[in-house]
Amino acid sequence: MPPTRTVNSMTDRMTREPEPNDIVLEVKNLQTWFDTGRGGVLKAVDGIDLTLRRGRTLCVVGESGSGKSITARSILNIVPKPGRIVGGEILLHGAGPNGAPLNLAALDPKGRQIRAIRGHDIGMIFQEPMSSLSPVHTIGQQIVEAIRLHRPMSKADARARAIEMLAQVKIPRPGQSFDSYPFEFSGGMRQRAMTAMALVCEPKLLIADEPTTALDVTTQAEILDLMKGLQQLHGMALMFITHDMGVVAEIADDVAVMYHGKVVEHGPVNDIFFAPQHPYTKQLLNSVLALEQRSHLAGKSVKANQDDVILDVSNLTMSFGGRQPFFGRKLDGPVKALDGVSFALKRGETLGIVGESGSGKTTLGRCIMRILDPTSGQLIYKGRNAPAVDLAPLSRSAVKPFWRDMRMIFQDPFSSLNPRMTVFQIVAEPLRNHGIESGDELHERVAELLQRVGLPREAMSRYPHAFSGGQRQRIGIARAIALKPQLIVADEATSALDVSLRAQVLDLLLDIGQELDMSYVFISHDIGVIRYMCDRVAVMHRGRIVELGETQSVCDNPQHAYTQSLISAIPKPDPRLRGRTSRIRYISESVS
Amino acid sequence: MTTDASPPADLLPDVPPAPALARKAHASQWQLMWWQYRRHKLAMVSSLVLAFIILVAIFCEFLAPFSPNAFTPRYTYAPPQALHFFDRDADGSLVWRPHVNGYKVTIEPTALRRTFVVDESQKYPIGLFVKSDPYVMWGLFTLETKLFGPLKKGDPMYLLGADRLGRDMLSRIIYGTRISMSIGLIGVAMSLVLGIILGGISGYYGGWIDNIIQRVIEFILSLPTTPLWLGLAAAMPNNWPPLRIYLAITIILSLIGWTNLARVIRGRFLSLRTEDFVTAARLDGASEPRIIFRQMAPSFVSHIIAEVSLAIPAMILAETALSFLGLGLQPPIVSWGVLLQEAQNIRSITTAPWLFFPGIAVVIAVLSLNFVGDGLRDAADPYRQ
Amino acid sequence: MLIFILRRLLWMIPSFFAVSVVAFTIIQLPPGDFVTSYAADLATSGSPADPATLAAMRIRYGLDQPMVFQYFRWVGNALQGDLGMSFEYRTPVTDIIWNRLGMTALVAFCTLMFVWAVAFPIGVYSAVRQYSIGDYIITFLCFLGMATPNFLLALFVMYLSVEYLGYSVGGLFSPDFVNAPWDFARVLDLLKHLWIPVVVLGVAGIASLVRIMRANLLDELGKPYVETGRAKGLPELTLILRYPTRVAMNPFISTVGWILPVLVSGDVIVSSVLSLPTAGPILIQALKTQDMYLGGALIMFQCILVLIGTLLSDILLVWFDPRIRYDN
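Residues numbered from 1 in each chain as written. Chains lettered and ligands numbered in written order. Predicted model: local features only at pLDDT ≥ 70, side-chain atom pairs only at ≥ 80, totals over all residues.

On a plain count of helices and strands, chain A comes out with 19 helices and 24 strands. Structurally, chain A occupies a C-alpha span of about 85 × 60 × 45 Å along its principal axes. Long-range pairs, those at least 24 residues apart, make up 69% of the contacts in chain A with a sequence separation of at least 6. (Helix = DSSP H or I, 4+ residues; strand = E, 2+ residues; numbered from the N terminus. Contact = placed C-beta atoms within 7 Å.)

Taking 1.5 Å per residue as the helical rise, helix α8 (residues 184-221) of chain C with its 38 residues ought to reach 56 Å, whereas the 46 Å between its terminal C-alpha atoms falls clearly short. The largest bend along α8 of chain C measures about 40 degrees and falls at Gly-202 of chain C. (Expected span 1.5 Å × (residues − 1). Bend = angle between axes of the 7 residues up to and from the residue.)

What follows deals with the interface of chain A and chain B. Facing the 56 residues of chain A at the interface are 35 residues of chain B. Of all the secondary structure elements, the ones that give two or more residues to the side of chain A that touches chain B are β2 (23-37), β3 (40-53), α1 (68-75), α11 (361-368), β19 (406-409) and α13 (423-433) of chain A. Sort the elements by how many residues they give to the side of chain A that touches chain B and α11 of chain A lands first, with four residues. For the side of chain A that touches chain B, a count of residues per class yields 19 nonpolar, 25 polar and 12 charged. (Nonpolar A, V, L, I, M, F, W, Y, C, P; charged D, E, K, R; others polar.)

To continue, consider the sheet that holds strand β22 (residues 536-541) of chain A. All names here are of chain A. An order of β19-β20-β21-β16-β22-β23 is seen for the six strands of this open sheet, with the pairing classed as mixed. Since the sheet does not close on itself, it has two edges, and those belong to β19 and β23 (544-550), each with one partner. Sheet twist, expressed as the mean angle between neighbouring strand axes with direction ignored, is 15 degrees. Where strand β20 (residues 487-491) meets strand β21 (residues 519-524), five bridges bridge the pair, whose relative direction is parallel. Residue Val-489 lies in a different strand from β21, and its bridge partner there is Val-521. Sheet contacts for α11: β16 (350-354), β20, β21 and β22; angle to β21, the most-contacted strand, approximately 150 degrees. Lying over the sheet, helix α15 (residues 469-481) contacts β19 and β20, oriented at roughly 175 degrees with respect to β19. (Pairing = 2+ DSSP bridges. Axes fitted to C-alpha atoms, helices over the stretch in contact; angles between N-to-C directions.)

Turning next to the packing of helix α9 (residues 276-283) of chain B against helix α10 (residues 288-324) of chain B. All names here are of chain B. For the pair α9 and α10, interaxial distance at closest approach is 10 Å and the crossing angle is 145 degrees. Seen from above, α9 lies across α10 with right-handed handedness. Contact residues: Phe-277, Val-278, Ala-281 and Arg-282 in α9; Ile-291, Gln-295 and Met-296 in α10. A class-by-class count of the residues in the contact of α9 with α10 yields five nonpolar, one polar and one charged. (Left-handed = near helix turned anticlockwise from the far one by under 90°.)

What follows deals with the domain arrangement of chain A. Residues and elements named next belong to chain A. Per the domain assignment, the segments of chain A are domain 1 (19-121 + 203-292 + 572-592), domain 2 (133-201) and domain 3 (308-321 + 334-404 + 526-565). Summarising the inter-unit geometry, the C-alpha centres of domain 1 and domain 2 are found 24 Å apart. Residue-level contacts link 17 residues of domain 1 with 15 residues of domain 2. Its residues assigned to classes, the side of domain 1 that touches domain 2 comprises 10 nonpolar, six polar and one charged. (Domains from an automatic or database assignment.)

Residues and elements named next belong to chain A. Taken together, four strands build an open sheet; the order of strands is β15-β12-β17-β18 and the sheet is antiparallel. In this open sheet, the two edge strands, each paired with only one partner strand, are β15 (335-346) and β18 (388-390). For this sheet, the mean angle separating the axes of adjacent strands, direction not counted, is 15 degrees. When strand β12 (residues 309-320) meets strand β17 (residues 376-382), the two strands line up antiparallel, connected through five bridges. Within β17, the position partnered with Val-313 by the bridge is Leu-379. Sheet strands touched by α11: β12, β15 and β17. Its angle to β15, the strand with the most contacts, is close to 60 degrees.

This is the structure in structure tokens:
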């Protein structure tokens, strides 16, 4: 049994009441607009008020387009063109003459005053740790630069301070890491380095713009722990921007909910979660909480035959040859993306495959569809009224007929639809290629499909770029069900969608699944989504299935240590649970 | 090769999206490209210039006032004549009468060189649709009218001066337009075929075929081209008819110019191969040819058009250089490069600086092609965020 | 990194051979050989040689052997340092070419430095001040530079010098210094003349490199790490020069791979216009008279010059970019 450690997350205290005279930064009626050309204007931030207090965390939460990132950038006055701050005040307490508040919005964005504040009084960390650090400078160089910009220090002193900071953010071997390049690190390590860089001058306020969105859930838990610890140590104010209500519940003291550039509601975290006032907040919470349980549609499919197995995977193995950088360590020789995976999928069943990055879940999905060739193992597929066939050794052309029956829904709604084809052409493609219909009949069929997924007929003549992400995903679904398949592999089908859309799309999939008697293999990194819709779940780690069982029992009572660590790392959207659940850390090899 | 990278971040960025795209729901790729192209002002202007040049190339026989090889020894190295639009009558009133002034020619006895002084007393009226010597249009039918020229046949009109044999520079430049531009087009067409085939194979199949073709391309690109052209051009026998030489030159030029196109096409194929919509089309049951032509091709047609329009100038410049050195086209074929041969020695240039004008024609043609190509390249992918 | 250099050096060996095959083929393409053109020359000057003498000449020069044999003999000799005889000048090829090739290398190298030194700051400026008046002017001048044939520019420069300075600026040395020994005064004279071919050759190169630098820098300027730098409090100019410019330098340096062949090839035409003592003029002559060994050696060494330049730029790139270093 691999070793585990139980770690109590550092948020052992209850939520506190704010103290007066504790204010670090006040935003009053901030307005940031974007010129959209031809006189048009987009009001990205349209009159918001925020208060940031020492030692307290304010979470700014909202979906895409709400203006939360622009708010963060407005505070530091680094709004990208063609945006500009048109009104309002950003008062940094204690920074003006005689300790009076200084209005940052009124400062020249390129001037010396605001530059002295950036990095020194206010630090900021960003979402994408890979591209937010310079690829051609060492971590140490970048941190030392941050130090020497604001404090006169010798190079040796600055180096010592930087290494001290790297140790504080728990980067192993800080002395060596100082001379490493960002691409040598994993995502979690890079984020720690960025945090070190932002905090090295001990700022009063740290702004974090979705710092954990691009990280695995276990890594995310580590980083959240780190931030809380650092906040306790330094006592700075923390402004944490996110779209994940679970994270908000985990770390926030105060919450501000943003929608279309306005703060629709703000208050202490308990108030927001248990007594929301604004309809948008309520709707947001509802969508989040809905995903905390099973869908009302789930599990309703007729469990006809326990023995009616349509897909039987045994010992599936897939290796990629050659050198592969594997998060900080380069392995020579082939990498096993799949290592002896076995499971059986029954008709009408929804099987979830959950795992983090590098677990092999996407590779599994593509091997099932035979887009990739497995190295060994069996993939026995039984079509409707057809004998069972082993797909694994078949050539590309022999597999083709099976693609009528096995279809795929892709993750990225932008790249999975050919932008140069109309919606009609896209959805008609599978129909055309199987010679099913043509002409008017084809038109009717496509219109039916579109209506089934909740899109109007007129959508047929439009191009994908006219639709939102959620709508495009529906077009992808229409394309997938066009041939009434028996099995659909959905590879992160809802990961690119806003939370409020996810439940709708998942319900749609369940509904269609029941109507057409389809099975799903549903791949995701988000166990909440899987819990919502899947009957059984397989947990993958490093190419192996470590646990497989009914969704409810795996989620409530995980057996394998890795599953335990995964489940315990997921932030629950309930502030009362903060600090009570102890997180289990799964220590296998790499440090995140 | 798909390994999980990091879990997907929210793909819709929290920055205002390009509102322009949202409005054009029904716009096809070509319409979007046109709207994008329109914003490139220089490209729009250059398109007009280019259209004008192409018109000149097509109608050169009609537009040139004189035949390109008609020579008048009396007017050797005559300087350009200014075109006047108004004239004063005997009673002093201004009247619309376009004309050029003649010269008083004196011959310097020692150097046997002519000096030309403008003589206002000689006036040669100019008009539109004038009668001229019969000529053959497009090798098909005979005409006797030119767009503009001296009203009286036989009058001198040297708007851009005359060369060593008294031939009209303007007419020669106009005729040269056809040859120079067409070499560019035909040469690029051949390069395109080679480039599509090799670049397509390279990008579509990948693996060792790709490797080999890439090494070959790198090798060719690393060779200095002029010695190779010179060698190939010098290899042509002198006694070939002009047309065959013309074709041979275009073949030589295209043999070296295909590498760039191949690279662009290969690059597009490689990036398209991993696109989800291509995989989706495969899963939809599309055959490989259908995938290539229906799914991938529309995606790089626009890139090809952009690269082609950027490759033509290179051909034109190459032909000009070769002909200038005397290793390309030969007289009596008239191309800009052949015309520039006259400007080869310093004495002739100092006597007659208007021998540079074919060079200006080259610059204008290449410049407008480059701007148009730049505009096309910017517009080639209208879906780029 | 050492392994990388070693690998590149090993790769150059087949390239050298490929180049020699190409050079040899080009020289042999025209029908006939040196003896044919020599005979034609004699015929036009009025004293045709008799066939027996021509046949003897053929045998003496080894021109009667099959192609493949001639090739291997040439390569074999070359590897021992014997590049053969020039038929036209009746002297060993080695005596003729080293001086010339040295000049070609000098002009190409100086032009390269000039192009980089000028294109880099202009490209940075153009990207940073995108859509300003300066950017539009620069863009237009760049396109103009790329549209002008280099020999035309050379002619124009000569014309200007004659019209306004009264003398021709052709050649690399003033008449006094042509055969003088190398001393400081000669170097100074060289510099006084060198700038013209360097400018003429470099204009087109500057123009395309400015465009490349501008495009790459514009790409980098939009990347997140620039925003991080701004949030740290870096002044704008320092930020731009230290981070995105540094990253955009990579494609810039790797342009040597194709700039160098363009320079060496451009040199051929320009030097015949400006009468420079580089390899160009004698190459043209050698091709016209089918002076096999001379022409072959010249083409081959020009190609080798380019290959060496590319190797140096690859090494420079590896040293410069840590990502490549670690990947290899």
